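Survey of secondary and tertiary structure
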Amino acid sequence: MKIEYRFNYNMEIDRCNIDFLVAVFKQLLPMLLKDFIQTVLDQFVNVFMAQEKKPFLCDCGNDKDFIWKTRNAKPTKITTIFAELILAQMQVQCKVCGKKIFISRKLMGIEKHQRMSTVTQKILALVGALTTFRVSEKILGLFGVTFNRMTVWRCVQKVGKSITFDLDPNELPSGEADGTGIPIRGIKKRGQELKVFVQKRIGGGVRVAGLAIGQYDCGWDKLFAPLRKTILSFKHFLLVTDGDVSIFNGIKCVNVFLQRCLWHIPHQLKYCLWEDGVKRKSIDWLKIMGKIFDITAVRSLMEEDEIAAVLEEKRNRLSELISFCEQQKYQKCAAYLRNARPNLFTALEKRLNGKASSLAERVMRTVNMRVNVGKWTPSGALNAMNVRLAHYYNGWSPSEPEAKGVGIVRL
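Here we summarise the structure given alongside this text. (Residues numbered from 1 in each chain as written. Predicted model: local features only at pLDDT ≥ 70, side-chain atom pairs only at ≥ 80, totals over all residues. Heavy atoms only, no water.)

Quick look at the overall build of the chain
- On a plain count of helices and strands, the chain comes out with 15 helices and eight strands.
- A globule of 411 residues ought to have a C-alpha radius of gyration of about 22 Å, yet the chain, at 30 Å, is considerably larger.
- Overall, the C-alpha framework of the chain stretches about 95 × 55 × 45 Å when taken along its three principal axes.
- Per-residue burial over the chain gives 44% buried out of 411 residues.
- Look at the contacts in the chain between residues 6 or more apart in sequence, and 63% of them connect residues 24 or more apart. (Helix = DSSP H or I, 4+ residues; strand = E, 2+ residues; numbered from the N terminus. Rg over C-alpha atoms; globule rule 2.2 N^0.38 Å. Buried < 20%, exposed > 50% of the residue type's maximum accessible area, 1.4 Å probe, protein only. Contact = heavy atoms within 4.5 Å.)

Some points on the sheet that holds strand S8 (residues 256-260)
- Ordered by their spatial adjacency, five strands build an open sheet running S6-S5-S4-S7-S8, and the pairing between neighbours is mixed. Edge strands, defined here as strands with exactly one partner in the open sheet, are strand S6 (206-214) and S8. The average angle at which neighbouring strand axes cross in this sheet is 25 degrees, direction not considered.
- Bridge analysis of strand S4 (residues 174-182) against strand S5 (residues 192-200) gives eight bridges, and the strand direction is antiparallel. Directly across from Ala 177, in S5, lies its bridge partner Phe 197.
- Of the strands in this sheet, S4, S5 and S6 touch helix H14 (residues 358-371), which is tilted by about 30 degrees from S4. (Pairing = 2+ DSSP bridges. Axes fitted to C-alpha atoms, helices over the stretch in contact; angles between N-to-C directions.)

A short note on the packing of H14 against helix H15 (residues 378-394)
- Direction vectors running N to C along H14 and H15 enclose 130 degrees, while the axes themselves pass 10 Å from each other. Here H14 lies oblique to H15, going by the angle between them. The handedness of the crossing between H14 and H15 is right-handed. Residue-level inspection shows Arg 362, Val 363, Thr 366, Val 367, Met 369, Arg 370 and Val 371 of H14 in contact with H15, the latter providing Ala 381, Met 385, Arg 388, Leu 389, Tyr 392 and Tyr 393.
- Residues belonging to the contact of H14 with H15 are distributed by class as follows: nine nonpolar, one polar and three charged. (Parallel < 35°, antiparallel > 145°, perpendicular 65-115°, else oblique. Left-handed = near helix turned anticlockwise from the far one by under 90°. Nonpolar A, V, L, I, M, F, W, Y, C, P; charged D, E, K, R; others polar.)

Thoughts on the side chain of Gln 121
- Topologically, Gln 121 is positioned in helix H3 (residues 118-130).
- Look at Gln 121 and you get buried, because its relative accessible area is 8%.
- Excluding its chain neighbours within four sequence positions, the residues that come into contact with Gln 121 are Gln 114, Met 116, Cys 155, Lys 158 and Val 159.

Structural notes on the sheet that holds strand S3 (residues 100-102)
- Taken in spatial order, the three strands line up as S1-S2-S3 in an open sheet, and their pairing is antiparallel. Each of the sheet's edge strands pairs with one partner strand only, and the pair in question is strand S1 (66-79) and S3. Direction aside, the axes of adjacent strands within the sheet are offset by 25 degrees on average.
- Of the strand pairs in this sheet, strand S2 (residues 84-94) and S3 are connected by three bridges, and their pairing is antiparallel. Bridge pairing links Gln 91 to Phe 102 in S3.
- Across the face of the sheet, helix H1 (residues 18-50) comes into contact with S1 and S2 while running at roughly 15 degrees to S2.

Pasting the structure below:
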């Protein structure tokens, strides 16, 4: 349909500086947008009313017989990404039951009692997930948009609740799970843990497959429960963790192989040495750290017969290291290494690719850059991270319709 749209405004402008003209246009934009939308609605509704079957429906089921009541009924407020608009509503009357119907919102695709479209909500939610709500308000205001931070917050919560995660059967049967503390209102320091499960992509990188929030020693079962069916669709699935026992308890699938993160083993062993009272950089400290770094160093691209020999050698040296810790009365170190031993070389033994949770650690940095600002409620933090991580790792973005095929001619 060809739409003829012209505007005619008188303006007193005393200079042609580009910044001044942009400021004038920012004031003009809401008026232009309002006139443009009203003009398009008027011309579309004329065509619709002339059609036998209308694109709107009465509660009685009638979609054919309507008469005009008014084109300038009670105004309605619509919020767009550029401005908040007040538009005159159009009203028709059903000839079957006599009910009067406002059709402007129906034609614009905006539900009753709703001020903004779904796309506008998603845009504001993305802005609020990428930066703080206070900064979101300031940035939007620089472009002439008068959104307050609570509007942005509500959009983040609404859109965040609608985002769900799952495994992709077309990506790699391998993933990493990790958690990070988040600041919760009313609780000192980091009151709860954000639990993240990522799946590795064939071309590199990861995608978020699960997200949950809860206490530090539980809650992983809620994350993995919705993913169980998809996990079982793989012949086998390799899960790399930092050794958190609650992760092991949260996933109960026969085809899942557990692999301890080989980066975390030396890192955690330093803490165990401290608990055992071993002085840092002492002879025993250096000896234990040197051995564990050597044991956890796993080369790639080894031949099949070489893998068996490497596994045997590393397991023997690990047993020797545990015996040394026991002889020196380093009980924390010995216990930690014994607990890690069963899942230390799973990936190498099963000929699978994966030995560290480094990719999940990068996701945690993305989380902390946003979640460390201020205090959160558990649901508020989860919804914000749903939007943020879906955007950065799963390709989620507001699906704005492209204005392709619109021929604009200057009259």
